[in-house]
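Below are the chains, spelled out letter by letter.
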Amino acid sequence: MLAAMICALQVASPDTLLIGAVERPPPSVLPADDARYGLPQVRIPTRQGTALVWLLRALDTVFVVASIPDSTPYWGDDFVLSLDTRGDGAPSPQHDDFQLYFRRVLDSSVVYRGRNGRWQPPRDDPDWRLGSDRAGGGWEVRASGDARGWGLVLRLDPAWFAGEAGRLPRVAFRIYDDSPSGWFAWPPPQGTAPATTLEQAPSLWVPVK
């Protein structure tokens, strides 16, 4: 069944995402817009509008900026960045793959790492949560929101995007909206494959440089 779902996800998507250059780091408070950052590299249709994602580089540091339309706040709404740091495109999550899983209430967020085909939480503790921390190994996050929606700014050290053996790192994105309930992914699934299936297959993620 999983193999069939992954095959259904094999749809046309950009060959490579290009990280946009900016003169200075983005502010930690939204809003984000085209005038400030240029056109977003990723657009994710949801049931409340279109979420926008920018990938930006200031000097050698990479920033992921997400703006998500959502007028029905819920603590568990989330934005997930899946990242294959070596770019080997394995068929399932491995040690070089990460899932930065940020909820609208950041205290409830988790950063997973791949291990033997599954996502493992820190210290292999399924109850681990970010709590009051807003930074970890080479990353830092800030979130904000209002009545129209929410978003975040994620800073990532250069090592996250170094790649290996001439390969480019790979990324994918996923959003969850509690009301109206739904999961929305990029690259987009097709047919009956659920959006969450994408997270289990780094081979389907898109190279970025």
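These notes cover the structure that comes with them. (Residues numbered from 1 in each chain as written. Predicted model: local features only at pLDDT ≥ 70, side-chain atom pairs only at ≥ 80, totals over all residues. Heavy atoms only, no water.)

The rolling of a water-molecule-sized probe over the atoms marks out the regions of remaining empty space. Of the voids in this model, the second largest pocket is the one considered here, and its volume is about 160 Å³. Along the wall of the second largest pocket there are 15 residues; nearest its centre are Val111, Pro122, Gly136, Gly137 and Trp139. Of all the elements in the fold, those that place two or more residues in the lining of the second largest pocket are strand S7 (110–115) and strand S9 (135–136). With three residues, the single largest contributor to the lining of the second largest pocket is S7. A per-class count over the lining of the second largest pocket returns 10 nonpolar, three polar and two charged. (1 Å grid on protein atoms, 1.4 Å probe; cavity = no way out; pocket = protein on both sides within 12 Å on 5 of 7 lines; lining within 4 Å. Points joined across faces, edges and corners; volume = space filled by probe spheres on them. Helix = DSSP H or I, 4+ residues; strand = E, 2+ residues; numbered from the N terminus. Nonpolar A, V, L, I, M, F, W, Y, C, P; charged D, E, K, R; others polar.)

Across the junction of Ser179 and Pro180, the peptide omega takes the value -5°, indicating a cis bond. Checked against the element boundaries, Pro180 lands in the loop between strand S12 (170–177) and strand S13 (182–186). At the junction of Trp186 and Pro187, the peptide bond is cis and its omega measures out at 0° in the coordinates. Tracing the backbone shows Pro187 in the loop between S13 and strand S14 (206–207). One non-glycine residue, Asn116, lies in positive phi territory at about 50°.

A pair can form between side chains of opposite charge whenever their charged atoms are brought close. Within this structure, the stated rule accounts for 12 salt bridges. The partner of Asp107 in a salt bridge is Arg134, and the shortest N-O contact between them spans 2.5 Å. Of this pair, Asp107 sits in the loop between strand S6 (97–103) and S7 while Arg134 sits in the loop between strand S8 (118–120) and S9, placing them 27 residues apart in sequence. Through salt bridges with shared partners, a single network forms among Glu140, Arg142, Arg155 and Asp157. (Salt bridge = Lys/Arg side-chain N within 4 Å of Asp/Glu carboxyl O.)

Before going further, it helps to examine the packing of aromatic side chains. In this structure the tally under the stated criterion is nine aromatic pairs. Measuring from ring centre to ring centre gives 5.5 Å for Tyr74 and Trp75, while their planes differ by 45°; the resulting arrangement is tilted. Owing to a relative accessible area of 41%, Trp75 belongs among the partly exposed residues under this scheme. (Phe/Tyr/Trp six-rings, centres within 6.5 Å; stacked < 30°, edge-to-face > 60°. Buried < 20%, exposed > 50% of the residue type's maximum accessible area, 1.4 Å probe, protein only.)

Attention shifts here to the environment of Tyr74. The topology assignment puts Tyr74 in the loop between strand S4 (61–69) and strand S5 (78–84). Taking C-alpha positions, Tyr74 is 8.2 Å from Val105, a pair spaced 31 residues apart along the chain. Apart from the residues lying within four places of it in its own chain, the contact partners of Tyr74 are Arg104 and Asp178. (Contact = heavy atoms within 4.5 Å.)

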